[in-house]
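In case you want the letters, here they are:
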Amino acid sequence: MNLIAANWKMNKTVKEALKFFNDLNSKTDEFADNEVLICPSFLALSEISKIKHEKIKLGAQNFYFEDSGAYTGETSLLILKGFCEYVLVGHSERRSIFKEPNQLVNKKVLAALNHHFKPILCIGETGDERQKNKTNEVLSQQLKACLKGVSENQIKNLVVAYEPVWAIGTGKNATSAMAQEVHEFIREVLTDMYSQTTARQLKLLYGGSVKPDNAKDLIAQEDINGFLIGGASLEVESFVEIINAAK
Ligand code: PGA
């Protein structure tokens, strides 16, 4: 079963989000065997969660690792409980714009797992790092630092999303061969950290300019088990086309 996840980022008013969700909710018979996930803004998440949605999962785009306290502007997992099943962690926009280092991402991963959420841990190299042939080194460092203290039992509830920073929102996706090579490497690192059985079971998503026209080639790769989609998840039509491509 592939996981097709929408990351709406800071887009859609609550009204627009509800319209999209109701539209999508009427097309769930087209999802086949795919698990479909929407990560809206917090306000839209609260409203959407009131709609009956058996075949669409919900996720939050961010949270803080503490349960409560003097953290102005933040939302905790305690507050999110009951609203969603998944949480995004370590998205490159959180890392670059909001300066979230691996250590903070690690705290968030541990908090999410302890609170029984399913974290989607995002990792990826910049264009500069790829040019300098540092892709594997960067990804391995990110995995080791962000998964510090995560047990073999816990990792089973986690999803890894490989999102090359140079491909996010740029229209320049990694080719399916490039993405497969990296996904295979990620699975090797996870095999070293845990075991082959566990690493094989983990879902590895690709993200970065996934569109209806490149989705089929990407999902055909052995180690690609789904997508994390930004731009193309904002229209029901293109999102459903991608879900269909992943059948
Ligand atoms: P994109 O974004 O599909 O617009 O490249 C992907 C992401 O940031 O998760």
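Keep in mind that what you see is a predicted model, and the values were worked out from it rather than measured.

### Notes on the nonpolar core
Then, in step 1: Residues Leu 24, Ile 38, Leu 147, Leu 190, Tyr 206, Phe 227 and Phe 239 are the most contacted members of the largest nonpolar core, which totals 71 residues.
Then, in step 2: Here Leu 147 is in contact with Asn 106, Val 109, Leu 121, Ile 155, Leu 158, Leu 190, Met 193 and Tyr 194, once residues within four sequence places are set aside.
Then, in step 3: If you look at the next biggest cluster of nonpolar residues, it comprises 12 residues, including Ala 5, Tyr 86, Ile 120 and Val 159.

### A look at the packing of aromatic side chains
Then, in step 1: Across all of its chains, the model carries five aromatic pairs by this definition.
Then, in step 2: An angle of 40° between the planes, with centres 4.6 Å apart, marks the rings of Tyr 64 and Phe 65 as tilted.
Then, in step 3: When its relative accessible area of 18% is taken as the criterion, Phe 65 is described as buried.
Then, in step 4: A connected cluster of aromatic rings, assembled from ring pairs, spans Trp 8, Phe 20 and Phe 239.
Then, in step 5: Above the ring of Trp 8, the side-chain terminus of Lys 12 is found at 5.2 Å from the ring centroid.
Then, in step 6: In this structure, Lys 108 is placed above the aromatic ring of Phe 63, and the distance from its NZ or CZ to the ring centre is 5.4 Å.

### Quick look at the sheet that holds strand S2 (residues 35-39)
One key point about sheets: their strands pair by backbone hydrogen bonds, in either a parallel or an antiparallel sense.
Then, in step 1: Around the barrel, which closes on itself, the eight strands sit in the order S1-S2-S3-S4-S5-S6-S7-S8 with parallel pairing between neighbours. Averaged over all pairs of adjacent strands, the angle between their axes in this sheet comes to 25°, without regard to strand direction.
Then, in step 2: Here three bridges tie strand S6 (residues 159-162) to strand S7 (residues 204-207), and the two strands are oriented parallel to one another. Bridge pairing in S7 places Val 160 opposite Leu 204.
Then, in step 3: Of the strands in this sheet, strand S4 (86-89) and strand S5 (118-123) are in contact with helix H5 (residues 102-114), which crosses S5 at around 160°.
Then, in step 4: In this fold helix H7 (residues 135-146) packs onto S5 and S6, with an angle of close to 150° to the strand it touches most, S5.

Reading the values: rules and limits
Residues numbered from 1 in each chain as written. Predicted model: local features only at pLDDT ≥ 70, side-chain atom pairs only at ≥ 80, totals over all residues. Heavy atoms only, no water. Core = buried A, V, L, I, M, F, W, Y, C linked by side-chain atoms within 4.5 Å. Buried < 20%, exposed > 50% of the residue type's maximum accessible area, 1.4 Å probe, protein only. Contact = heavy atoms within 4.5 Å. Phe/Tyr/Trp six-rings, centres within 6.5 Å; stacked < 30°, edge-to-face > 60°. Lys NZ or Arg CZ within 6 Å of the ring centre and 35° of its normal. Pairing = 2+ DSSP bridges. Helix = DSSP H or I, 4+ residues; strand = E, 2+ residues; numbered from the N terminus. Axes fitted to C-alpha atoms, helices over the stretch in contact; angles between N-to-C directions.

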